[in-house]
Amino acid sequence: MPSTPSVNVLIVDDDRSTQRVLADALTKQGFVVTVERDGDWAIKTFEKKAFDVVLLDLLLPGLNGYEVAKQIRKSPKGRRTPIFMISGVYKSAIHQREAIQKHGATAFLEKPVDLDRLYDELRAALQDRYPAEEQDHEDTPPPPPAEDDHKTGEFMADDAQREEAHTVENEARANATTPGFSLRGVFQSKSFAEVLAEMYRWRASGALLLKRKNVKKIVYFRSGTPEVVKSNLLVECLGRVLVREKMISEEECEESLVRMKKSKRMQGTVLIEMGCISPHNLQHGLKLQLQEKLFDVFRWDEGEFQLNPKAPVPPDPVGVGMTCGQLILEGVKRAYDDERLARVFSGVDGKYVHPSDQPLYALQEVGLAEDERELLQLADGRKTVKSLRAVGILDRLDTDRLLYAMSCAQMIELKESPAAGKPKVPIARIAESARPPPPLPPSVPPPLPSMPPPLPQRTTAPPPLSMPWD
């Protein structure tokens, strides 16, 4: 049976959330998606590849959407390419008419984009070239665990990632035997979210070694904030992130690896020289790579951690790009489904949700959505977990994720009794002025802060906190 020709769409938008929504939706419809965030690189990408349709935001860094459309229409292959302009600002009837009549747009769509209308407009423009939707893959077996993955991503690993894996092995052995104070523990008794909160509470600096079976990672902290993450997993490489985010294709990734090995230069530099990726997208990809290395640890239910406060933080021009509070909330959202929450957040229905007396973050440092902030406004010490679920601002799973994350982050406390006297000031107000304590002198080991009341999920005694590393 002959294969169906691919239908390629270029999405140009500097808003990453819009990029992701459109890319995911059109990929499920069977399109091959490429994303760009600025006008100049959108034109270069369009000239380099064959695209069947363009989704174009009007407000872009550099050239605006109108200028991009003008340049595309000047090229022979762009004269008849459908261009769908989108905007969340310029969406009056006048702007819509100008987009179509003056700037050659096939259609104009307002943000947030109505996906059903987008599909209808694309079908009208492409007609029989509209791709068949992807088949349901529910029966497809899950990919192998990351540490055993030799087929689904390791081939994308570049020399830099292989060197990083070697470095992590060496540094893990060296730091694990460094004399002096070291905070140790196991993830069976303390989640990674709680560890991050402790590091931030005491403004700790140094290298936090993480180990689970053969997987090792090192997170370098400066004043309680993670700045650099190293991993011995080859599948956590830059190429895999860029392919997954639709910034480059697998073919471009493979070609860049070949050229990189010949020239002995970094993969990102090679990709830019090949014209496959813009500097903006490369920086974003590098930041996502660091974040993914951290989010993976939120899924660990076993393993060990150890802090070496004397380890220097290596220079890194990229950085994680998220606060500890944002990492904790996003990590819990990604890693905790109903089954895991049933283990760590059970038996709490009747407990009262109190604002912490010393909240760890200001709410703007946590990255709460409006509905999440609204729910926390109700956490005044007089409402139980069950009653906050019943409010219906979020569904049960999202409510439990939020409350569990905020408990790990030391923003709320779960207690058996309600607040006495007048209702407590909601956490949303207290936390606006929250500031962490000043960092302790390097020679003084930080005391272990008291954590939220232990949750009743543990059925066996946890291993001791102090454990030798292999």
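Just so it is clear, the model here is predicted, and its values are computed rather than measured. (Residues numbered from 1 in each chain as written. Predicted model: local features only at pLDDT ≥ 70, side-chain atom pairs only at ≥ 80, totals over all residues. Heavy atoms only, no water.)

The subject of this paragraph is the overall build of the chain. What the chain contains, in helices and strands, is 17 helices and 12 strands. Evaluated residue by residue, the chain yields a buried proportion of 50% over its 470 residues. Within the structure as shown, the chain displays about 22,700 Å² of accessible surface, and the carbon and sulfur contribution to it stands at 52%. (Helix = DSSP H or I, 4+ residues; strand = E, 2+ residues; numbered from the N terminus. Buried < 20%, exposed > 50% of the residue type's maximum accessible area, 1.4 Å probe, protein only. Areas by Shrake-Rupley, 256 points an atom, 1.4 Å probe, with all protein chains shown as cover.)

We now examine helix α9 (residues 250-263). Between the first and last C-alpha of α9 there are 20 Å, a value that for 14 residues agrees with the 20 Å anticipated at 1.5 Å per step. Of the residues making up α9, those classed as buried are Glu252, Cys253, Ser256, Leu257 and Met260. Seen along its axis, α9 keeps its buried residues to an arc of 140°; they face one direction. Summarising the geometry of α9, the exposed residues directed more than 90 degrees from the buried face are Glu251 and Lys262. (Expected span 1.5 Å × (residues − 1). Arc of directions from axis to C-beta.)

The next point concerns the sheet that holds strand β7 (residues 206-212). A sheet is described by the order of its strands in space; here 5 strands give the open sequence β6-β10-β7-β8-β9, paired in antiparallel fashion. Each edge of the open sheet is held by one strand with a lone partner, namely β6 (184-186) and β9 (225-231). Strand-to-strand, the axes of this sheet are offset by a mean angle of 20°, without reference to chain direction. Running over the sheet, helix α11 (residues 279-297) touches β7, β8 (215-222) and β9 and is turned about 85° from β9. (Pairing = 2+ DSSP bridges. Axes fitted to C-alpha atoms, helices over the stretch in contact; angles between N-to-C directions. Contact = heavy atoms within 4.5 Å.)

Below, the discussion takes up unusual backbone geometry. Geometrically, the link from Lys111 to Pro112 is a cis peptide bond, its omega value of -10° lying close to zero. When you line up the elements, Pro112 lands in the loop between β5 (107-110) and α5 (115-126). You will see that Lys213, though not glycine, has its phi angle at about 55°, which is positive. With a phi angle near 65°, Lys246 is a residue other than glycine that sits in the positive phi range. Along the chain, Lys246 falls in the loop between α8 (238-244) and α9.

Below, the discussion takes up the pattern of salt bridges. For the coordinates displayed, the defined rule picks out 30 salt bridges. With a closest N to O distance of 2.8 Å, Asp13 and Lys111 form a salt bridge. In this pair, Asp13 is assigned in the loop between β1 (8-12) and α1 (16-28) and Lys111 in the loop between β5 and α5, connecting sequence segments 98 residues apart. One salt-bridge network, in which partners are shared between bridges, spans Arg20, Arg244, Glu245, Glu292, Glu330 and Arg334. (Salt bridge = Lys/Arg side-chain N within 4 Å of Asp/Glu carboxyl O.)

Our focus in this paragraph is the environment of Gln283. Note that Gln283 resides in helix α11. For the pair Gln283 and Gly268, spaced 15 residues apart in sequence, the C-alpha separation works out to 9.1 Å.

The subject of this paragraph is a nonpolar patch on the surface. Taken together, Leu59, Val89 and Tyr90 make up a surface patch of nonpolar side chains, about 250 Å² in accessible area. Inspection of the secondary structure puts Tyr90 in the loop between β4 (83-87) and α4 (93-101). (Patch = residues over 30% accessible without salt bridge, like charges linked within 9 Å, V, L, I, M, F, W, Y side chains within 5 Å.)

Moving on, we get to the confidence of the model for the chain. For the chain, per-residue confidence averages 81 on the pLDDT scale, and 80% of positions sit at 70 or higher. Contacts for the low-pLDDT stretch residues 430-470, under 50 throughout, to residues beyond four places or in other chains number 79 contacts. (pLDDT = per-residue confidence, 0-100.)

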